[in-house]
Amino acid sequence: MIDLYIDCHAHLFFSPIPAEAIDEDITGEIPTPNMDFIGKMISNAKKKGVRHIVGVISNPNDFTSYQEQLKLENIIHVIGISRNSALEDQSHMISQLEKEIERKVPHGIGEIGLEYLYGFDKLNEHEKNTFKKKQRELFGRQIQLAKEIDVPIVVHAGYGTDKDLVEILKHEQAQEVGVQIHGYMSKVELVSELLDMGFYFSFGYNHPREEELKRIIEITPLERILVETDAPFHIMDSPKRFILPEDVVLITDEIANLKEIEPEVFINQVLRNARELFRF
Ligand SMILES: [Zn+2]
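Nothing here was measured: the structure is a model prediction, and the numbers come from that model. (Residues numbered from 1 in each chain as written. Predicted model: local features only at pLDDT ≥ 70, side-chain atom pairs only at ≥ 80, totals over all residues. Heavy atoms only, no water.)

K.L.:
If you had to explain the packing of helix H8 (residues 248-258) against helix H9 (residues 263-278) to someone new, which residues and values would you point to?
P.N.:
One way to put it is that H8 packs onto H9 with a least axis distance of 9 Å and a crossing angle of 110°. With respect to their mutual orientation, H8 and H9 come out roughly perpendicular. In terms of crossing hand, the pair formed by H8 and H9 is right-handed. Taken together, the residues of H9 that come into contact with H8 (itself represented by Thr252, Asp253, Ile255 and Ala256) are Pro263, Phe266 and Ile267. Of the residues that constitute the contact of H8 with H9, the class distribution is five nonpolar, one polar and one charged. (Axes fitted to C-alpha atoms, helices over the stretch in contact; angles between N-to-C directions. Helix = DSSP H or I, 4+ residues; strand = E, 2+ residues; numbered from the N terminus. Parallel < 35°, antiparallel > 145°, perpendicular 65-115°, else oblique. Left-handed = near helix turned anticlockwise from the far one by under 90°. Contact = heavy atoms within 4.5 Å. Nonpolar A, V, L, I, M, F, W, Y, C, P; charged D, E, K, R; others polar.)

Put into structure tokens, the structure is as follows:
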């Protein structure tokens, strides 16, 4: 059995999933943030051949879990403040983040970035602009922090954020520390520009399934591809269940198939890419 798979983006520690986000027809276990579930999630992945998991803690409410995560083996540690918290007291959150980083320097800062679609439906124009501005500030500040401690960044590149995203990444010269564009679902046109800046693209469950996203896989060279589940926030089509780190095996094999390359060769390449970016 090949045991060199890596899930390049998963949330092992996460805040409880709200009940309204869980459809009635979902099968399988509902992810719950306790050590019992987390331990099972990791050991099931290991049994399927997933050797490493990039564990992302990006909600300041979960920062205390960083110490717990540090105790686990074969985890690549990423911590940061997601755009969801941009309207909260940024200086306070940054100092909380710095405190955690002092315990142990992570492998990366993330996930950080921009999202102008989700969470915007109930806001008026003025509130929308404020939220966007605050997101940009938080994003820039954390790129600077990543540069101070010399670790790469993990970037969420949401719908409609293209122009601002590229501008900030360029302005802060993010290429100096390395960038993982995670779960990219935006314009195909922007991909080559981001590739030219030396960034890595991280593909998940939806990418091998949608035509537009398949094109992004096609144009991304092998030495820039990472594979991820973004567990536990996505649902599989059938059976309808939460996608977990063990499912990176399926996604990796699907992408190898699309790239017309032997799975074993591809798996090794993805691991090499991850090692190069996260330096482990
Ligand atoms: Zn994520």
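K.L.:
Please provide a residue-by-residue account of the sheet that holds strand E8 (residues 225-227), values included.
P.N.:
Paired through backbone hydrogen bonds, the strands of a sheet run either parallel or antiparallel to each other. The strand order E1-E2-E3-E4-E5-E6-E7-E8 describes an open sheet built from eight strands, whose pairing is parallel. Two strands bound the open sheet, and with one partner strand each, they are strand E1 (5-10) and E8. Neighbour-to-neighbour, the strand axes of this sheet turn through a mean angle of 25°, independent of strand direction. Set on the sheet, H8 makes contact with E1, strand E2 (50-57), strand E7 (200-203) and E8; between it and E1 the angle comes to about 110°. (Pairing = 2+ DSSP bridges.)

K.L.:
Lay out the nonpolar core with the relevant residues and their values.
P.N.:
Phe139, Ile153, Leu169, Ile181, Tyr184, Leu194 and Phe201 are the most contacted members of the largest nonpolar core, which totals 87 residues. Looking at this core element by element, the count peaks at seven residues for H9. The contact partners of Tyr184, leaving out residues within four places of it in the chain, are Ala157, Leu190, Val191, Leu194, Phe201, Ser202, His207, Leu213 and Ile216. (Core = buried A, V, L, I, M, F, W, Y, C linked by side-chain atoms within 4.5 Å. Buried < 20%, exposed > 50% of the residue type's maximum accessible area, 1.4 Å probe, protein only.)

K.L.:
Requested: an account of the coordination of the zinc ion, with residues and values cited.
P.N.:
Every protein donor of the zinc ion is accounted for by His9 (NE2), His11 (NE2), Glu111 (OE) and Asp230 (OD), and the metal-donor separations fall at 2.0 to 2.2 Å. Here the zinc ion binds four donor atoms, and the angle range of 90 to 171° at the metal identifies the geometry as irregular. Counting gaps between the donor residues of the zinc ion yields the pattern H-x1-H-x99-E-x118-D. Residue His11 is found in the loop between E1 and helix H1 (35-47), and its partner Asp230 is found in the loop between E8 and H8; the two are separated by 219 residues along the sequence. With a relative accessible area of 4%, His11 lands in the buried category. (Donors = N, O, S within 2.8 Å, 3.2 Å for Na, K, Ca; no water. Tetrahedral: all angles 85-135°; square planar, octahedral: opposite > 155°, others 65-115°.)

K.L.:
Run through H1, naming residues and quoting values.
P.N.:
A rise of 1.5 Å per residue sets the reference length of H1, with its 13 residues, at 18 Å; its end C-alpha atoms lie 18 Å apart and thus fit the reference within 8%. Regarding H1, the residues found buried are Phe37, Ile38, Met41, Ile42 and Ala45. Projected down its long axis, H1 shows its buried positions confined to an angular sector of 130°, all on one face. Opposite the packed face of H1, turned more than 90 degrees from it, sit the exposed residues Asp36, Lys46 and Lys47. Where H1 is buried, its residues touch E2 and strand E3 (75-79). (Expected span 1.5 Å × (residues − 1). Arc of directions from axis to C-beta.)

K.L.:
Give a detailed account of the side chain of Glu228, specifying residues and quantitative values.
P.N.:
As for its placement among the helices and strands, Glu228 is situated in the loop between E8 and H8. It is Arg83 that comes nearest to the buried, bridge-free Glu228 among opposite-charge side chains, at 10 Å. Within the structure, the side chain of Glu228 is placed 2.8 Å from the side chain of Ser202, a separation counted as a polar contact. (Lys, Arg positive; Asp, Glu negative; His and termini not counted. Salt bridge = Lys/Arg side-chain N within 4 Å of Asp/Glu carboxyl O. Polar contact = N/O pair within 3.5 Å; in protein donor to acceptor, adjacent residues only side chain to side chain.)

K.L.:
Lay out the pairing of E3 with the relevant residues and their values.
P.N.:
Buried residues dominate E3, accounting for five of its five residues. With burial as the criterion, each face of E3 is covered, one bearing Ile75, His77 and Ile79 and the other bearing Ile76 and Val78. In this sheet, E3 lies alongside E2 in parallel orientation, the contact comprising five bridges. Counted as the bridge partner of Val54 is Ile76 from E3. Handedness of the E2-helix H2 (residues 65-70)-E3 crossover: right-handed. (Right-handed = clockwise from strand over helix to strand, strands pointing away.)

K.L.:
Kindly report on the side chain of His156, identifying the contributing residues and their values.
P.N.:
Assignment of secondary structure puts His156 in strand E5 (residues 153-157). According to the relative accessible area criterion, His156 is buried, its value standing at 14%. At a separation of 2.7 Å, a polar atom in the side chain of His156 contacts the side chain of Glu115. The contacts of His156, once residues within four sequence positions are left out, are Arg83, Glu111, Ile112, Gly113, Leu114, Glu115, Leu165 and His182.

K.L.:
Provide a residue-level description of the packing of aromatic side chains, including the pertinent values.
P.N.:
Summed over all chains, the structure comprises six aromatic pairs. For the ring pair Phe120 and Phe131, a centre distance of 5.0 Å and an interplane angle of 25° mean the geometry is stacked. Within this pair, whereas Phe120 is found in the loop between strand E4 (108-114) and helix H4 (125-149), its partner Phe131 is found in helix H4, the two being separated by 11 residues in sequence. Three or more aromatic residues joined by ring pairs make a cluster, and in this case those are Tyr116, Phe120 and Phe131. For the cation-ring pair, Arg209 lies above Tyr205, with the distance from its terminal atom to the ring centre recorded as 3.7 Å. (Phe/Tyr/Trp six-rings, centres within 6.5 Å; stacked < 30°, edge-to-face > 60°. Lys NZ or Arg CZ within 6 Å of the ring centre and 35° of its normal.)

K.L.:
Account for the pattern of salt bridges, with residues named and values stated.
P.N.:
Going through the model one piece at a time under the given rule, you end up with 20 salt bridges. A salt bridge links Arg209 to Glu254; its shortest N-O distance comes to 2.7 Å. In this pair, Arg209 is assigned in the loop between E7 and helix H7 (211-219) and Glu254 in helix H8, connecting sequence segments 45 residues apart. A relative accessible area of 22% means that Glu254 is categorised as partly exposed. One salt bridge connects Lys214 with Glu211, and the closest N-O pair in it is separated by 3.3 Å. Taken together, the positions of Lys214 and Glu211, both in helix H7 and three residues apart, correspond to about one turn of that helix.

Keep in mind that these numbers describe shape and distance, not what the molecule does.
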